[in-house]
Every structure is written in C-alpha cells, then in structure tokens.
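Structural description and commentary
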Amino acid sequence: MSVRNLDKLFAPRSVALVGASSRPGSLGATLLCNLIAGGFRGAIYPVNPKYSELSGLPTVASVADLASAPDLAVICTPPATVPAIIRQLGEKGTRAAVVLSAGLAEAREDRNSGGRSLKQAMLDAAHPYLLRILGSNSAGLLAPGLGLNASVAHSGALPGRIAFVSQSGALMTGVLDWARSRGIGFSHFIALGDSSDVDLGDVLDYLASDGATGSILLYVEHLRYARKFMSAARAAARSKPTLVLKAGRVANSVRAAASESGALAGMDDVFDAAIRRAGMLRVASTEQLFAAVETLAHAKPLHGERLAIVANGAGPGLLAFDALVGAGGRAAELSAPTRERLAAVLPRATPSAATGALNLHGGAEPDLYRQVLEILLKDDGTDAVLVVHAPTATVDSADIARAIAPLAKGASRNVLACWLGGDSVAAARAIASQAGMPTFGTPEDAVAGFLQIVHYRQNQTLLMQVPPSVSSIGANERGAARALVREALAGGRYLLTDPETKAILRAYGMALVDTRAAATVDEAVAAARGIGFPVAVKILSPDVMHKSDVGGVVLDLDSEQAVRAAAQRVRRRLQELRPDARFEGFSVQAMARRPEGHELILGAATDPVFGPVILFGQGGMAVQVADDYAVALPPLNAVLARDMIERTRVARLLAGYRNRPAADMDAIVATLVQVSRLVADIPEIVELDINPLLADANGAIVLDARMRLALADHSGSTLDRLAIRPYPRELETTIDFGGSALLLRPVRPEDGPAHLRFFDALTPDDVRYRMFVRIRELQPSQLARFTQIDYDREMAFIATRPGPDGLPETLGVGRVVADPDNVSAEFAVTVRSDLKGMGLGRILMQKLIDYCRLRGTREIVGEALPQNNRIIGLVKKLGFEVMRADEEGVRKFRLML
C-alpha cells in the first residue's frame, strides 16, 4: 500500500493533457473541454504535435517540449504510445498520471522490445520515478473543490465532502447526473479503471487522511489484494463513514467443494463478512448509498436499537412499524410511567402505544407533537424516535417541523422525520434538515435509514469491543497438529477421514466423542469393545460426503454382534449404491447421549480472494436446506465469535426456550476461536467441516469432522493468505528483568483489562507526557484503539508478567505506527510509574528499533513535552536527533535506520 505522490494525482496544481484535440467527439476534445469548463485554477498544458493552440491555450508537440513538469498528466493516446509517454513524463519530473487509454493489458510490445504487455511496459516505465498511475482504462477523476474535471463525464460535479470511488467508468456519468439533480456534492470522484497501479487500498489510505473528505463511498466489482484492501478499509472506517455498493450479489456459478462449509460460504457472503469486519456499511443500491451518507452524517451516537414511531394517522404509522419488524428491527417498549404521561396528553391514544407506535390522528397540533416527542425522549425504553407526518388541510407541516426541531437538535438521541408528500411538505423537510434530523419521503425509507444507522454502529462497535481471554494453544500442541498434517500429505492423502481430522482437532483442545478407525469388520468389533457400548458405526470413503445417503451410518449398537452386522451391512450398501466410491474402512464412535443437544455446523473454507473464512450455523443432515449460517474472516476472538453466532437463527434456540436450558455459549465460542487459530496456524488446511458439533448446557462436542488439505506455498509468509494479519506470535521474546522472567510480546485485544490497570497505575504527569493532555480514565474507544491494532500498520509491544493476584499485569508499552509507505514510523513508550529508572523504557525502545529495522522502515520519529526529561535523555542515548518543534518547546526526535 502506498500514498506516495497521490497528492499530485488528487490535488494537482498543474495538468498536462497528452492527446488533446479539437476533433468533436474525440476523447482529447472532451477532456480538454471538461478541464477548461471545470474552472481549474492551475495551469493546463495541451500536448499534441498537430496543434500549436487549442481552445486559446498554447499547445506543445511533446512532453519534452513542456516548459516545466506538470503535477499531473492525463493521457488519452493510442495504447502503444503510453509506455514511452510515461517514461518521458518521469524524466521530466511529473509524478502522477491518469491513463484513459484502453487495451494495454491485452496488447503486447513487439518481440524486439521484449514482448511484454503494454500494461507491464507502462508500469516498468513509471517505476524508476515513483510515478503513480490511475488506470489504464480509467474514465478519469474530478476534484470539484479545485475546479478539476479530468474525466469524460458529460457534466461536472458539485463541491462537497463525499468521496466517490468507482471501479466502473460507465457508472460515473450516471451517478454524477443523479447526484447533481439532488444537490449532492463531492470532494473527489475517482474512476479506478483496471487499477494497474493505484487501487482501492491506495485511494482509501489517501482519503482517510484527506481533510476535504467527510465520508467515502465505494462502488466495487472485484478485489485482487484482499489483505491490502482490508488494512486500508479498517483504517479508513475508524476515521470516517465508509460505505460500499458491491455488484455481483448473485453468483453465476457454483464452486466445487469437498465440504459443506466450502459449498455454503459463497463469495458474496464472504464479501459481506469482510465489510462487516472492516467497520464499513454495505448498501444495495446507488440511492441507498447516498441516502446512507446523509443519514450517517446527521446521526448521533446510538444508545440502543429501539425505535418509537409517532404518526398523524394509523396507516403511515403501521407501514413504518411493519417495515421495522419485517427487517428485524426492534420497536420501543414504552415504560408504564411513559404511557401514563402520554395518556394525559393523548385522550384518544391507541392501544399501539405500548409497542412504541403512536397515532396522534390527523388534526394533531404542533404543540402536541412537541409534547409527545419530549415524553418519548425521556423514556428508558426508547433509543430513537421516528416522526411520520402526512399533510392535512388544517395543520401546516412547517409549523410541526418548527415545533419539534429544537427538541431534535438538542436531544442526545436520534430523531428522524418522514414527511409524506411533495411540494406541500418541502418547507418542513428543509426545517428538519437544518436542525440535523435525517429526513425521508416514505415510512419505509425512514425505517431503512434508521436501520442503516443501527447496522453501521454495530459494525463500528465490533471494532471497539474488548474480548475476554480464550485459552491459547501451546507450541507442543501446534507441533503435533502440524506433524499429523505433514504425515497425511506425505502419504498422498488430501481428504482426511473423520478419525484423522479429529486427531488434529484434539491437538487444538476441542472436545471430541471417542472415535476409532477400523480397516476391517473384525477391527470395528474390537474398536467397539475398547470404547464401550453403545456405539455408532459409519462408513469411511473419501468419495462420499453425506454418509447417510448411502446407508453408511448405524447408531445405538449395543453388542459385538450388532456391530459386526452393521459393519457388513454398510459395506454392502456402499457397494450397491456407489460402486465407484473407494472404501477405506469404518469409523466407530461412542454414542453421545445428549437428548437436549443442538446440531451445529462449524467449519472453514478458502475464498479465492479473501483466503480462509470461518462458517457457523445450524447443522445436521438438513444443513443446506436450513440455509442458516454466518461467515467471518479469521482471526476470531471471543467477541467476534459471539457476534457470528448471534447472526444466525439457531442462536435463538441456543439461548433456551420453554423447559430446554440454554446451551453453553462459552464452549461454542471457544470452539470457533480454536478453529480460527487452526486454519491460521496451518496453511495446508483449505476446508474443514465439523458437522455436527453437538451443543447443550454441558458443553460442545465434535461428533463428525472431515478436512481437505493442499500443499502450501512456503516461499513467502504463509500468513499472507489471510485477509487480516493474525497475532504475530513469532515476535514474542522472554527476557530477565530484575531476576524474574518478563515477556515482551505484541498487544492483543484480550489485554484490555490489564491495560486499564496499567493506565490506572500511571501518575497524572506520566499520562500527560504520553497524551499531551490530562486524562482521568480511558474511554472504551481509546482502550480498543490501544489494544486492537492492525499488525500490518502498527505495532505495540507490552512487557507483561503474572501479577500477585495471578492475573497478567502490563509493566510497559512501546508503540510504533508507520505511514502506509513504511517510510516513517512514530513511536511512543510508556513505563508504569513505579518502575521508572529500571531500564524497561530502553528495553522497549530497543525492541521497537529492532522491529522497524526488520520491516525496512527508513526512520523513527516522535515528540515529547519539554518536561519529559527521561524520554529525551533516553532517545539521545539511542542516537536520536533531538529538535525543538514550536514555541511551547515540544521536542521532536528522529532516528534514521
């Protein structure tokens, strides 16, 4: 990922148009017209050997003839000419180009030039000069705040604070026209083309720190670099609303898979999981995309998800209520005191008052709206209020808007408004919008807008949760599992049987029913005798996914004779029904007597873009018919695993009902986390099915499992296949500190409680030295930001050991955050106040320096208040250059690596 020279691309001070023309309808003429008509405040340099002047602008014959290097070049010449033009621009000093020319990926140079594709030749020409390329086959870009329209769009864009990034040039013109008619403006409008160089990840990194951009909209058709996209998306979504419209929801093909998990986890499900994990919001249409931006821009922090509905008629109120419940939303549950206060002002209050849907009737006066809204905003069972108004002949809609606007503006909760109608409610809409109320034209749109706030906040909340600890897997257990996988691959076995799979799962601490493999009928009888009756006998065949379909499962066998007969019968049935299937023996299992158990599926599959994914849902024989599952990207922690469970329908059954007790959710969560760790640790595992995982109040136990392996590419880091970098265990080191062992390791989300205790142990001055301001306590969002980090972008090493109470304690933290180009990294080191002067700060600082050198970072920088003599003295000893930064005396540090 890189933002280098993207300022020249998206905020140029001068532009050269290579291929400018006066021929009507040509690309060169359209671009020149748009550049001039946009009102670009910088210099425009047309380049074409056929002209000396175009549209009143002096025109040069070639790039070499330009008097100075333009910040940005826009190229619309034949494909074969593009590599040479890029080279000339680089030599001239230009550092960014938009290439509208198409066909570079397919066309090739002549053999005398090496036979490369023109696309590769273009990239090779740009590389020595760090010249960034948007395109090829881009429709261009617009920066309305600069008056820049370097695109083929038929109209310009209004200035605003929305950045729109599109992988479709054709969509650009339609969206621009649609947005302009609705008064929607943009900070940037960017058509990526084929993303030869600058891609979604690069643009997200730039826009995340762009002060002119308040929200980011993405139109996505495909992704190539999931790891890069996820890292940039998670960073962008933390700083500003980031919304996604993804084409291709309906798959046009079915992937072949050797497991239920592989068959269920469709590409669109995985993309949904990625968007959710990144803290972004996905929408279904262009209109929803822009509506969501307006809604989120006005939205206040949610206290909860319960919506109260107020309407001046039964019909509009019921439409809103139906839309809410139908979409899985929650209606407000008004408290008894609230209902009493409403009854005092609403003599004709309808029975629906208890459900949070109030009918004020058609003639309701503005003051009644105000009173009702005031009551609802104080109700403990109401988190947001939707006011639905249909125009009447007796009451002016604008007067109602004026009555509720001050309350809505001053409220800590969200107040949304739906003004049914057209011109007669235009004034009311304007008043409500000016008061910061999200405003809609229909009850259904209003409810959809509220649920967008809910879903966006849910995704954001996942970024801020501090999970509890789940028992970890030791090096010996990981080694045992890896050895079993290597043994299977060495024997040419890629599809593992149930007993083989369970041996690997056992190494990762999962609860398993006693299972033994038997090659013959006699061995099956002996295995049953060793396990103890009753048992189940199942056929083993790599060619049969559903054993029950071929009569390959027999349960509740209570004697050796029954086992012998069952084994012979299932062997015979396999030969009759699937004569082509390979027979590899029998699986003999102890019967799991759990009459109140729920059959679940838990597994993993490999997506071609995002890599390993985890699946959870309702299991058993009807798993594909039930169609009840959720997908997530590893690595998982307890919070993410629990969220995954809650997104399924079976979660309601697991919570218990009637006389059936709730299942042990902690056991299910732990199993999910261990599966996540398994697929992260062992790259050869490409598919895994645990079906069923039997869960009840006493725990969760694996009944059946199968696994598919593939040879892994170990030429680079095997972790690169994961869309999100997992915990880097390889960076852990243990040192001696004052005669006791001290572990230096990267921070984990589970370190939240210890981090709070560490913060509480700091003196006020130490907090001020670290934060530059006085802070009494860490907010949940700050705690999450410190402990939930993207290991691809930043690193925080903690010094930790068990405390007197047996709980882990954090003694110090060293943190470094690199820019997207890994050129410069900013550090901060904090040591617990009672341990200062013992050398721990130097240990942590040296750990950061070694880490940055390992990553190839060029420099480490930092700053401190002038009173922080300890850190100033420390960095001087380590070779940092110390500089005075401003009038307050803040010191800046720099160490070249």
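Structure's up top.
Presented here is an overview of the structure given in this document.

What counts and what doesn't
Residues numbered from 1 in each chain as written. Predicted model: local features only at pLDDT ≥ 70, side-chain atom pairs only at ≥ 80, totals over all residues. Heavy atoms only, no water. Helix = DSSP H or I, 4+ residues; strand = E, 2+ residues; numbered from the N terminus. Rg over C-alpha atoms; globule rule 2.2 N^0.38 Å. Contact = heavy atoms within 4.5 Å. Areas by Shrake-Rupley, 256 points an atom, 1.4 Å probe, with all protein chains shown as cover. Lys, Arg positive; Asp, Glu negative; His and termini not counted. Charge placed at Lys NZ, Arg CZ, Asp CG, Glu CD. Expected span 1.5 Å × (residues − 1). Buried < 20%, exposed > 50% of the residue type's maximum accessible area, 1.4 Å probe, protein only. Arc of directions from axis to C-beta. Salt bridge = Lys/Arg side-chain N within 4 Å of Asp/Glu carboxyl O. Patch = residues over 30% accessible without salt bridge, like charges linked within 9 Å, V, L, I, M, F, W, Y side chains within 5 Å. Polar contact = N/O pair within 3.5 Å; in protein donor to acceptor, adjacent residues only side chain to side chain. Pairing = 2+ DSSP bridges. Axes fitted to C-alpha atoms, helices over the stretch in contact; angles between N-to-C directions. Phe/Tyr/Trp six-rings, centres within 6.5 Å; stacked < 30°, edge-to-face > 60°.

Glancing now at the overall build of the chain. On a plain count of helices and strands, the chain comes out with 29 helices and 39 strands. Relative to a compact globule of 897 residues, whose C-alpha radius of gyration would be 29 Å, the chain shows 32 Å and is just as compact. A principal-axis box enclosing the C-alpha atoms of the chain has dimensions of 100 × 85 × 70 Å. For the chain, restricting intrachain contacts to residue pairs at least 6 apart in sequence, the fraction spanning at least 24 positions comes to 70%. As displayed, the chain offers around 37,400 Å² of accessible surface, 51% of which is attributable to carbon and sulfur atoms. Positive and negative charge centroids in the chain, built from 98 and 95 side chains respectively, lie 3 Å apart.

In this section: helix α11 (residues 314-326). With 13 residues, α11 should cover 18 Å at 1.5 Å per step; its first-to-last C-alpha distance of 18 Å lies within 8% of that length. Looking only at α11, the buried set comprises Pro-316, Gly-317, Ala-320 and Leu-324. For α11, the buried positions fall inside an angular range of 100° around the axis, keeping them on one side. For α11, the exposed residues lying more than 90 degrees away from the buried face are Asp-322 and Gly-326. One or two steps after α11, the chain reaches Gly-328, where phi turns positive at roughly 85°.

On to the pattern of salt bridges, then. In this structure the tally under the stated criterion is 38 salt bridges. Residues Arg-132 and Asp-202 are paired through a salt bridge, measuring 3.4 Å at the closest nitrogen-oxygen approach. Of the two residues, Arg-132 is situated in strand β7 (residues 132-135) and Asp-202 in helix α6 (residues 200-208); the sequence distance between them amounts to 70 residues. Accessibility expressed as a relative area gives 1% for Asp-202, which makes it buried. In this structure, Arg-370 engages Glu-374 in a salt bridge whose closest nitrogen and oxygen atoms are separated by 3.3 Å. Of the two residues, Arg-370 and Glu-374 both sit in helix α13 (residues 366-376), 4 residues apart, roughly one turn of that helix. Here Arg-370 falls in the partly exposed class, since its relative accessible area comes to 28%. Judged by relative accessible area, which is 30%, Glu-374 ranks as partly exposed. Each of the salt bridges in this network shares a partner with another, and the network as a whole consists of Arg-132, Asp-197, Asp-199, Asp-202 and Lys-228.

Our next topic: a negative patch on the surface. There is a patch of like negative charges on the surface, built from Glu-287, Asp-322, Glu-444 and Asp-445. Mapping Glu-287 onto the fold places it in helix α10 (residues 286-298).

Right, let's talk about the side chain of Gln-674 for a bit. Tracing the chain through its elements places Gln-674 in helix α24 (residues 665-681). Owing to a relative accessible area of 6%, Gln-674 belongs among the buried residues under this scheme. A polar contact is formed between the side chain of Gln-674 and the side chain of Arg-677, at a distance of 3.2 Å.

This part takes up the pairing of strand β1 (residues 14-18). Along any regular strand the residues' side chains alternate between the sheet's two faces. For β1, a buried count of 5 out of 5 residues is recorded, marking the element as mostly surrounded by other parts of the structure. Looking at chain direction, β1 and strand β2 (residues 43-47) are connected through 5 bridges and run parallel. Considered in β2, the bridge of Val-15 is made with Ile-44. Two elements, β1 and strand β5 (residues 72-75), share 4 bridges in a ladder whose sense is parallel. From the neighbouring strand, Leu-17 faces β5, where its bridge partner is Val-74.

So, about the sheet that holds β7. With parallel pairing, the 5 strands of this open sheet are ordered in space as β2-β1-β5-β6-β7. With one partner strand each, in any of the chains shown, β2 and β7 form the two edges of the open sheet. When the angles between neighbouring strand axes are averaged without regard to direction, this sheet yields 20°. Across the sheet, helix α3 (residues 82-92) touches β1, β5, β6 (96-99) and β7, and the angle it forms with β5 is around 170°.

Here the focus is the packing of aromatic side chains. According to the stated counting rule, one finds 10 aromatic pairs in the structure shown. When the ring of Phe-164 is compared with that of Phe-186, the centres are 6.5 Å apart and the planes differ by 90°; the resulting orientation is edge-to-face. Of the two residues, Phe-164 is situated in strand β10 (residues 158-166) and Phe-186 in strand β11 (residues 185-191); the sequence distance between them amounts to 22 residues. For the pair shown, Phe-164 and Phe-186 are each scored as buried. A centroid spacing of 5.1 Å and a plane angle of 75° characterise the contact between Phe-186 and Phe-189, whose relative ring orientation is edge-to-face. The class for Phe-186 is buried, based on a relative accessible area of 1%. On the accessibility criterion, Phe-189 (0% relative accessible area) is buried. Members of the aromatic cluster, connected to one another through ring pairs, are Phe-164, Phe-186 and Phe-189.

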